[in-house]
Amino acid sequence: DGLIAYSTWLLSMNDAPRLAQLLDFVPASAGKRGAGFSVGEAFTGEVCYYPALFPVRAVIAERTASDAGGEWSAPRSDLAAQVAQAVGAEPWMQDIPVLTGAGRLGASGEALFFHEARTDRYWPVVQTEVKSAALGLDLTATAALMRHGRLLLLASQTSMGVLHHDE
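Remember, predicted model here, so these are calculated numbers, not experimental data.

Peer 1: I'm lost on the overall build of the protein chain in this one. Help?
Peer 2: From N to C terminus, the protein chain includes one helix and eleven strands. When the helices and strands of the protein chain are read in sequence order from the N terminus, they spell out β-β-β-β-α-β-β-β-β-β-β-β. Taking 15 Å as the expected radius of gyration for a compact globule of 167 residues, we find that the protein chain reaches 16 Å, a close match to that expectation. Counting only C-alpha atoms and orienting by the principal axes, one finds that the protein chain spans roughly 45 × 35 × 35 Å. Relative to its full complement of 167 residues, the protein chain shows a buried share of 32%.

Written out as structure tokens, the structure is:
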């Protein structure tokens, strides 16, 4: 209805890793807006979640520039448990934010998959292409959205740094 929605995903780097979604709406007549963040930008601040049974949407209450980065904290549970928790709280969620533990990306024909090392389980991936360097690379953690039983990869922590995935 004349609005464009912009979604930005934030990943906390503390002991309890968590994803937060910033959702902005802009009138289409205003034209393309500038990005509020650059991919991989780090900052220190406070994020406040909107009340929900499974809080995901948030607003930034305080933000200070920072060059902090470093290793991502490991998730406390595997992918299936994270999805079950979200669906148990809000069964209508279409995009469930998840943070994987160690794993690898692989390909079988035209299909891509993520191998979760913790559970030895294979998850289908939404993307049909990834950077060739990502295939077979040890991923220590991956931020993704579980969308209809498939992972939409956002970014992965590797021994060579952070790898950002395109949709």
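Peer 1: Quick question: what am I supposed to make of the pairing of strand β8 (residues 121–124) here?
Peer 2: Two faces belong to every sheet, and in a regular strand the side chains alternate between them. Note that strand β7 (residues 111–116) and β8 share four bridges and pair antiparallel. Bridge pairing in β8 links Glu116 to Arg121. Hairpin geometry of β7 and β8 is characterised by an intervening segment of four residues between the two adjacent antiparallel strands and by a positive phi of about 60° at Asp120.

Peer 1: Help me understand the pattern of salt bridges, please; the structure alone is not making it clear to me.
Peer 2: When the charged atoms of two side chains with opposite charge come close together, those side chains can pair. Under the definition given, this model contains three salt bridges. Among the ionic pairs, Arg147 bridges to Asp95, the shortest N-O distance being 2.8 Å. Separated by 52 residues along the polypeptide, Arg147 in strand β9 (residues 139–147) and Asp95 in strand β5 (residues 95–100) bring together distant segments of the chain. Exposure remark for Arg147: the relative accessible area of 24% places this residue in the partly exposed category. Residue Asp95 is classed as partly exposed on the basis of its relative accessible area of 26%. Of the charged contacts, one joins Asp138 and Arg104 as a salt bridge, the two residues approaching to 2.7 Å between their closest N and O atoms. Taken together, the positions of Asp138 in the loop between β8 and β9 and Arg104 in strand β6 (residues 103–108) put the pair 34 residues apart, joining distant regions of the chain. Among the residues examined, Asp138 registers a relative accessible area of 45% and is labelled partly exposed.

Peer 1: For this particular structure, what's the right way to read the packing of aromatic side chains?
Peer 2: The full count for this structure, using the stated rule, is one aromatic pair. Considering the side-chain rings of Phe113 and Tyr122, the 5.4 Å spacing of their centres and the 70° angle between planes classify their relative orientation as edge-to-face. Given the relative accessible area of 24%, Phe113 is considered partly exposed. Sitting over the ring of Tyr49, Arg18 keeps its end group 3.6 Å from the ring centre.

Conventions and cut-offs
- Residues numbered from 1 in each chain as written.
- Predicted model: local features only at pLDDT ≥ 70, side-chain atom pairs only at ≥ 80, totals over all residues.
- Heavy atoms only, no water.
- Helix = DSSP H or I, 4+ residues; strand = E, 2+ residues; numbered from the N terminus.
- Rg over C-alpha atoms; globule rule 2.2 N^0.38 Å.
- Buried < 20%, exposed > 50% of the residue type's maximum accessible area, 1.4 Å probe, protein only.
- Pairing = 2+ DSSP bridges.
- Salt bridge = Lys/Arg side-chain N within 4 Å of Asp/Glu carboxyl O.
- Phe/Tyr/Trp six-rings, centres within 6.5 Å; stacked < 30°, edge-to-face > 60°.
- Lys NZ or Arg CZ within 6 Å of the ring centre and 35° of its normal.

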